[in-house]
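Working through the structure, step by step
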Amino acid sequence: MECLYHILGLLLLVSRLPVCATKRFHDVLGSERHPGSTREHNQLRGWSSDENDWNEKLYPVWKPGDARWENSWKGGRVQAVLTSDSPALLGSNITFVVNLVFPRCQKEDANGDIVYEKNCRNESGLSPDSYVYKWSQDSIWGNDMDQSQQVFPDGKPFPHPHRWKKGNFIYIFHTHGQYFQKLGRCSARVSINTSSLTLGPQVMEVTVYRRHGWAYLPIAQVKDVYVVTDQIPVFVTMSQKNNRNSSEETFLRDLPIVFDVLIHDPSHFLNESDIYYKWNFGDNTGLFISNNHTSNHTYVLNGTFNLNLTVQAAVLKPCPSPASPSLSLEPAADNSLELNQISDENCQIYRYGYFKATITIVEGILEVNIIQITDVPVPESQSESSLMDFTVTFKGTNPTEVCTIIADPTCQITHNVVCSPANVDEMPLLTTRRAFNGPGTYCVNFTLKDDTSLALTSTLISIPGKDTAFPLRMAHGALISLGCLAIIITAIVALMYTKHKKYKPIENSSGKAIRNKGLHACLHRAKSAIFPGDQEKNPLLQGILGSP
């Protein structure tokens, strides 16, 4: 009898040898687990248990550091980049994307073949070949190929008819003790519903194989941590006009702060949910509840304040069985999950998200305005440029620096930037002189700054051109006037000459007296022609002096 027991034990040991020698998926893919993970998991839809056998004949397994990895791809190693839209709210979908990064100068073409990029030079120079792997014309993978080779590592057949249009790479995703396998090109995407996943951080591992003769070779492995949470992932952006330090959560007093709530929901799980935002700004102004994701608030005191936001979303889903110990049908204000039964079949599940921040309120420059622009006379030697005095007024603290930007009329192309210390008197006024090179229309921007704030304003200004043609027009007018005067004088002389020529006085014995009388008579005629009067117009009477 004892001999029989020994024989039976030997038979049992021999029968178990093949089983022990066969690799399973968790032996190949589950070498590392995130702390806190367990072997007991809920079934993921479309995924399989990693207790299944792995076909090591078609899909060889290489450990990290194996020298064969270096020769698994022509031209170098292929890198796999794994990303996800984590964190994911429990019940939503989370998506994983794997992208393959090929060695330099290699890419995938429209047929799924791997080709060399044109005019790309790698370490070995320009490649004489066009293809790295020309799988589209590989006769081994034709329609007559043995169907036993067209299978995944667990023996399941590839989708048919595929003809390799779906890709030449095999991706095996592994998480929560389960795996998912699919064909793909240089990128693959997988989505999981998180309803059956465990809360907390989890690990997703991906192994990628490529075609190689009658089998497959591993080319890349990658893993990444993702998070499943029962709290709504909430982010808040805070912005304020004139603020220089909003990134440091420092804001200005007496100016509204804009709070914009961003809910991380890439799968649109909360699209049909009623969402409410409960604000406590920490300045004893009470609670503010709204269904708008944007809110404004103005702090009127300096100091440090604690901001608290609670986001509530009501999600419709089938009610759980009454025997479920994990869920309560009674609302609980402090829990991240509440259930309200709204019908015989449907329940409202309340999910919550939280955001806290500490913000500092300080004084700063609140506003700036241009109230006066004055033209400044310039010397003749600087007639090419124009000077303008700008008087600006501001509210808030005194600025320490003023900057002027002079640009084109569209305020897009900058011509000049000048910054100088701000000299402010007791009045909130500031006068700044700026030069403009030539006539035209300019966009002028003034920015007042201090350590915590800045305020700006802009205006359009037109600089008139200098009238350089004015002296020329004056000289031309003088010449015209002189010409007209010469013509008038010529006309008068011609008229006098004509009248004088008609009368010739009788010569006297004294020739000198006659010449004097002739000159006197000529002048008298000219005077009479210009200033006519009642005097005698007969030249014979005027020309006789002392007649006997």
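Structure report, in brief. (Residues numbered from 1 in each chain as written. Predicted model: local features only at pLDDT ≥ 70, side-chain atom pairs only at ≥ 80, totals over all residues. Heavy atoms only, no water.)

1. Observations concerning the overall build of the protein
Rules: By definition, any uninterrupted DSSP run of H or I lasting at least four residues is a helix, any uninterrupted run of E lasting at least two residues is a strand, and each is numbered from the N terminus. Accessible area is worked out with a 1.4 Å probe on protein chains only. A residue is then buried under 20% of its type maximum, exposed over 50%, and partly exposed in between. We call two residues contacting when some pair of their heavy atoms lies within 4.5 Å. Each accessible area value is a Shrake-Rupley result obtained with a 1.4 Å probe; residue values ignore everything except the protein chains displayed when judging cover.
In terms of helices and strands, the protein carries five helices and 28 strands. The buried share of the protein, reckoned over its 548 residues, is 35%. Taking contacts inside the protein between residues at least 6 apart in sequence as the whole, the part at least 24 apart equals 64%. Of the accessible surface of the protein, which amounts to about 33,400 Å², a share of 54% is contributed by carbon and sulfur atoms.

2. Notes on the state of the cysteines
Short version of the rule: In this description, the term disulfide denotes a pair of cysteine sulfurs within 2.5 Å.
Tallied over the entire structure, the rule returns three disulfides. Linked covalently through their sulfurs, Cys105 and Cys120 form a disulfide whose S-S length is 2.0 Å. Around the S-S axis, the bridge from Cys105 to Cys120 shows a dihedral of about -70° and counts as left-handed. In this pair, Cys105 sits in the loop between strand S4 (93–101) and strand S5 (106–108) while Cys120 sits in the loop between strand S6 (114–116) and strand S7 (131–133), placing the two residues 15 residues apart along the sequence.

3. Some thoughts on the side chain of His174
Short version of the rule: Whenever two N or O atoms come within 3.5 Å, that pair is a polar contact, provided that in protein one can donate a hydrogen and the other can accept it, and provided that, for residues adjacent in sequence, both atoms are side-chain atoms.
Examined against the element boundaries, His174 turns out to sit in strand S8 (residues 169–175). The class for His174 is buried, based on a relative accessible area of 2%. A distance of 2.9 Å separates polar atoms of two side chains, one belonging to His174 and the other to Asp50.

4. Comments concerning the sheet that holds strand S23 (residues 385–396)
Stated formally: Between any two strands, pairing holds if DSSP finds at least two bridges. Comment: axis = line fitted to C-alpha atoms, over the contacting stretch for helices; angle = value between 0 and 180 degrees taken between N-to-C directions.
Taking strand neighbours across the sheet as the criterion, the three strands line up as S22-S23-S26 in an open arrangement whose pairing is antiparallel. Unpaired on one side and paired on the other, strand S22 (365–376) and strand S26 (429–437) mark the two borders of the sheet. Neighbour-to-neighbour, the strand axes of this sheet turn through a mean angle of 25°, independent of strand direction. Summarising the sheet, S23 and S26 pair through nine bridges and their orientation is antiparallel.

5. Digging into the nonpolar core
Defined as follows: In plain words, nonpolar cores are sets of buried Ala, Val, Leu, Ile, Met, Phe, Trp, Tyr and Cys residues tied together by side-chain atoms within 4.5 Å.
Ranked by internal contacts, the top residues of the largest apolar core, which has 32 residues, are Trp73 and Phe169. With residues near it in sequence (within four places) discarded, Trp73 still touches Val78, Phe102, Pro103, Gln106, Ile114, Val132, Tyr133, Trp135, Phe169, Arg210 and Ile219. Val234, Phe251, Trp279 and Ile361 belong to the second largest nonpolar core, which has 26 residues in total.

6. Points about the pattern of salt bridges
Between side chains of opposite charge, pairing is possible as soon as their charged atoms come close. Selection criterion: Any Lys or Arg side-chain nitrogen located within 4 Å of an Asp or Glu carboxyl oxygen qualifies as a salt bridge.
In total, this model carries eight salt bridges according to the counting rule given. Its salt-bridge partner being Lys395, residue Glu367 comes within 3.7 Å of it at the nearest N-O pair. Residue Glu367 is found in strand S22, and its partner Lys395 is found in strand S23; the two are separated by 28 residues along the sequence. If you follow the salt bridges from partner to partner, you end up with Arg253, Asp254 and Glu363 in one network.

7. Considerations on the pairing of strand S27 (residues 440–449)
A regular strand places its side chains on the two faces of the sheet in alternate fashion. Of all 10 residues in S27, seven are buried; the element is thus mostly enclosed. The sheet contact formed by S27 and strand S28 (residues 454–463) spans 10 bridges and is antiparallel. Across the sheet, the residue bridging to Gly440 is Ile463, located in S28. Count of turn residues in the S27/S28 antiparallel hairpin: four residues.

8. Thoughts on a nonpolar patch on the surface
Here is the rule we go by: Patch building starts from residues that exceed 30% relative accessible area and form no salt bridge, then joins like charges within 9 Å and nonpolar side chains (Val, Leu, Ile, Met, Phe, Trp, Tyr) within 5 Å.
Side chains of Ile371, Met427 and Leu429 sit close together on the surface and give an oily, nonpolar patch of about 290 Å² of accessible area. Mapped onto the secondary structure, Met427 falls in the loop between strand S25 (414–421) and S26.

9. Details of the environment of Asp283
Relative to the assigned elements, Asp283 resides in the loop between strand S16 (274–280) and strand S17 (287–290). You can call Asp283 buried: its relative accessible area is 17%. For Asp283 and Tyr299, which are 16 residues apart along the polypeptide, the C-alpha to C-alpha distance reads 7.6 Å. Beyond its immediate stretch of four places on either side in the chain, Asp283 contacts His297, Thr298, Tyr299 and Phe305. Reaching out from Asp283, the side chain makes a polar contact with the side chain of His297 at a distance of 2.7 Å.

10. Describing the packing of aromatic side chains
Going by this rule: Stacked, tilted and edge-to-face are the three classes applied to pairs of Phe, Tyr and Trp rings, where Trp contributes its six-membered ring and a pair requires centres within 6.5 Å; stacked means planes under 30 degrees apart, edge-to-face means over 60, and tilted covers the rest.
Throughout the structure, instances matching the rule amount to 25 aromatic pairs. When the centroid spacing of 6.2 Å and the interplanar angle of 25° are considered together, the rings of Trp73 and Phe169 count as stacked. One end of the pair, Trp73, is in the loop between strand S1 (48–49) and strand S2 (79–84); the other, Phe169, is in strand S8, with 96 residues separating them in the sequence. The two residues Trp73 and Phe169 agree in class, both being buried. Considering the side-chain rings of Phe158 and Tyr216, the 6.2 Å spacing of their centres and the 85° angle between planes classify their relative orientation as edge-to-face. Note that Phe158 is positioned in the loop between S7 and S8 and Tyr216 in strand S12 (residues 215–229), a separation of 58 residues in sequence.

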